[in-house]
Amino acid sequence: MAAPIAPRTPRATLPHGFLSAPGSPPVAWTVTDEPVGYDEAVAAMEARVGAIAAGEAAEWVWLVEHPPLYTAGTSADPADLVDPGRFPVHATGRGGQYTYHGPGQRVAYVMLDLKRRTPDVRAYVAALEQWVIATLWRWHLRGLRREDRVGVWVARPDKPDVAPGLPAEDKIAAIGIRVRRWVSYHGISLNVDPALDHFSGIVPCGVTGYGVTSLADLGLPVSMAEADMVLREEFEPIFGPTVSAPAMPDPSRG
């Protein structure tokens, strides 16, 4: 008889600290103000991941905005692309399903060497969620994690229940990652003030019955620069110190 399968440990109880090994260099931190094409971003990430894995470059967090587009993760269901002609659709190697990126949304691409930290992908996802939750709390907004829905959510008591006894919640941040040679890439997207109707061309992350929101939609007029500052301040207690890097670095160099 096969041994029973142990239940998975809830992400909320996994370790959220993902500090690097003592003596490791700080994480390079780059903010690019002008919109970045998606294919350009993926090429830059892949080059940097290879350099990090080879010990030739520092870990890197790259904050960008994209022009309006949809990305299809490795689990994307074609039926979830509701309006295929609305924006360009990019197939991508990250986990997850369909996601929207566009102006007003801060995308943080996170390239960390998990061998120097904790080589546990689920714990890494939990740490990314905790980073977003800590960031939102700076505006006294309580972010929620759900075991059946990756990402960060907020309660919407102003909206009708999803079902009897199931209160409404909206997604404010998405998470989708890939790991190559134990180096992470892709990352998180935080809705600061995007056009929320742009999400209507897809079933975001394959989740029905729930909505999408943003800081602006919740009455928090946060600038992108302020969001960037808070993201960096809340990143460091979880992942370690950062150092500013050029706005458009050579992706293969620290």
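Refer to the structure printed above.
To keep things clear, this report deals only with the structure shown in the data block. (Residues numbered from 1 in each chain as written. Predicted model: local features only at pLDDT ≥ 70, side-chain atom pairs only at ≥ 80, totals over all residues. Heavy atoms only, no water.)

## Thoughts on the overall build of the chain
Link 1 in the chain: Looking only at helices and strands, the chain has three helices and 12 strands in total.
Link 2 in the chain: Relative to the globule expectation of 18 Å for 254 residues, the C-alpha radius of gyration of the chain, 18 Å, shows essentially globular dimensions.
Link 3 in the chain: Oriented by its inertia axes, the alpha-carbon framework of the chain measures out at about 55 × 55 × 35 Å.
Link 4 in the chain: Counting across all 254 residues of the chain, residues that qualify as buried make up 50%. (Helix = DSSP H or I, 4+ residues; strand = E, 2+ residues; numbered from the N terminus. Rg over C-alpha atoms; globule rule 2.2 N^0.38 Å. Buried < 20%, exposed > 50% of the residue type's maximum accessible area, 1.4 Å probe, protein only.)

## As for the packing of aromatic side chains
Link 1 in the chain: Applying the stated rule across the entire model yields 15 aromatic pairs.
Link 2 in the chain: Plain terms: the ring middles of Tyr124 and Phe239 are 6.4 Å apart, the flat faces sit at 75° to each other, and that makes the pair edge-to-face. One end of the pair, Tyr124, is in helix H2 (residues 121-137); the other, Phe239, is in helix H3 (residues 224-239), and 115 residues separate them in sequence.
Link 3 in the chain: Owing to a relative accessible area of 0%, Tyr124 belongs among the buried residues under this scheme.
Link 4 in the chain: Take Phe239: its relative accessible area is 1%, and that puts it in the buried class.
Link 5 in the chain: By the ring-pair criterion, three or more aromatic residues cluster together here, those being Phe18, Trp29, Tyr124, Trp131, Phe235 and Phe239.
Link 6 in the chain: Above the plane of the ring of Trp153 lies Arg149, whose end atom (NZ or CZ) is 4.5 Å from the centre. (Phe/Tyr/Trp six-rings, centres within 6.5 Å; stacked < 30°, edge-to-face > 60°. Lys NZ or Arg CZ within 6 Å of the ring centre and 35° of its normal.)

## A few points about helix H1 (residues 38-53)
Link 1 in the chain: Here H1 contains 16 residues, and its C-alpha end-to-end distance of 22 Å stays within 8% of the 22 Å for a straight helix at 1.5 Å per residue.
Link 2 in the chain: Of all the positions in H1, only Tyr38, Ala41, Val42, Ala44, Met45, Arg48, Val49, Ala51, Ile52 and Ala53 are classed as buried.
Link 3 in the chain: Two residues or fewer past H1, Gly55 is found with a positive phi of approximately 75°. (Expected span 1.5 Å × (residues − 1).)

## Quick look at the nonpolar core
Link 1 in the chain: Formed by 39 residues in total, the largest nonpolar core has its most connected members in Tyr124, Leu128, Trp131, Ile172, Leu215, Phe235 and Phe239.
Link 2 in the chain: Elements with a minimum of two residues in this core: strand S1 (27-31), strand S2 (60-64), strand S6 (105-111), H2, strand S8 (149-155), strand S9 (169-180), strand S10 (183-191) and H3.
Link 3 in the chain: With nine residues, H2 is the single largest residue contributor to this core.
Link 4 in the chain: The next biggest cluster of nonpolar side chains, apart from the first, holds 21 residues, and it includes Ala28, Ile52, Leu69 and Tyr185. (Core = buried A, V, L, I, M, F, W, Y, C linked by side-chain atoms within 4.5 Å.)

## Regarding H3
Link 1 in the chain: Given a rise of 1.5 Å per residue, 16 residues ought to cover 22 Å, and the 22 Å separating the end C-alpha atoms of H3 matches this to within 8%.
Link 2 in the chain: Buried within H3 we find Met224, Ala227, Asp228, Val230, Leu231, Glu234, Phe235, Ile238 and Phe239.
Link 3 in the chain: Just downstream of H3 lies Gly240, where phi reads positive at about 110°.

## Some remarks on the pairing of S6
Link 1 in the chain: S6 sits mainly inside the fold: seven of its seven residues count as buried.
Link 2 in the chain: Neither face of S6 is left uncovered, since the one carrying Gln105, Val107, Tyr109 and Met111 and the one carrying Arg106, Ala108 and Val110 both have all their residues buried.
Link 3 in the chain: Bridging between S2 and S6 involves five bridges; their strand directions are antiparallel. Its bridge partner being in S6, Trp60 is matched across the sheet by Met111.
Link 4 in the chain: Here S6 runs beside S10; their pairing, made up of five bridges, is antiparallel. (Pairing = 2+ DSSP bridges.)

## Some remarks on the side chain of His186
Link 1 in the chain: Inspection of the secondary structure assignment puts His186 in strand S10.
Link 2 in the chain: In this structure His186 comes out as buried when scored by relative accessible area, which is 3%.

## Details of the packing of H2 against H3
Link 1 in the chain: Between H2 and H3, whose axes approach to 9 Å, the crossing angle comes to 140°. Compared by their axis directions, H2 and H3 come out oblique. In this structure, the crossing between H2 and H3 has a hand that is right-handed. Residues Tyr124, Ala127, Leu128, Gln130, Trp131, Ala134 and Thr135 of H2 pack against Val230, Leu231, Glu234, Phe235, Ile238 and Phe239 of H3.
Link 2 in the chain: Here the residues of the contact of H2 with H3 sort into 10 nonpolar, two polar and one charged. (Axes fitted to C-alpha atoms, helices over the stretch in contact; angles between N-to-C directions. Parallel < 35°, antiparallel > 145°, perpendicular 65-115°, else oblique. Left-handed = near helix turned anticlockwise from the far one by under 90°. Contact = heavy atoms within 4.5 Å. Nonpolar A, V, L, I, M, F, W, Y, C, P; charged D, E, K, R; others polar.)

## Here's the deal with unusual backbone geometry
Link 1 in the chain: Although it is not a glycine, His140 adopts a positive phi angle of roughly 55°.
Link 2 in the chain: Structurally, His140 is set in the loop between H2 and strand S7 (144-146).
Link 3 in the chain: The exposure class of His140 is exposed, given its relative accessible area of 66%.

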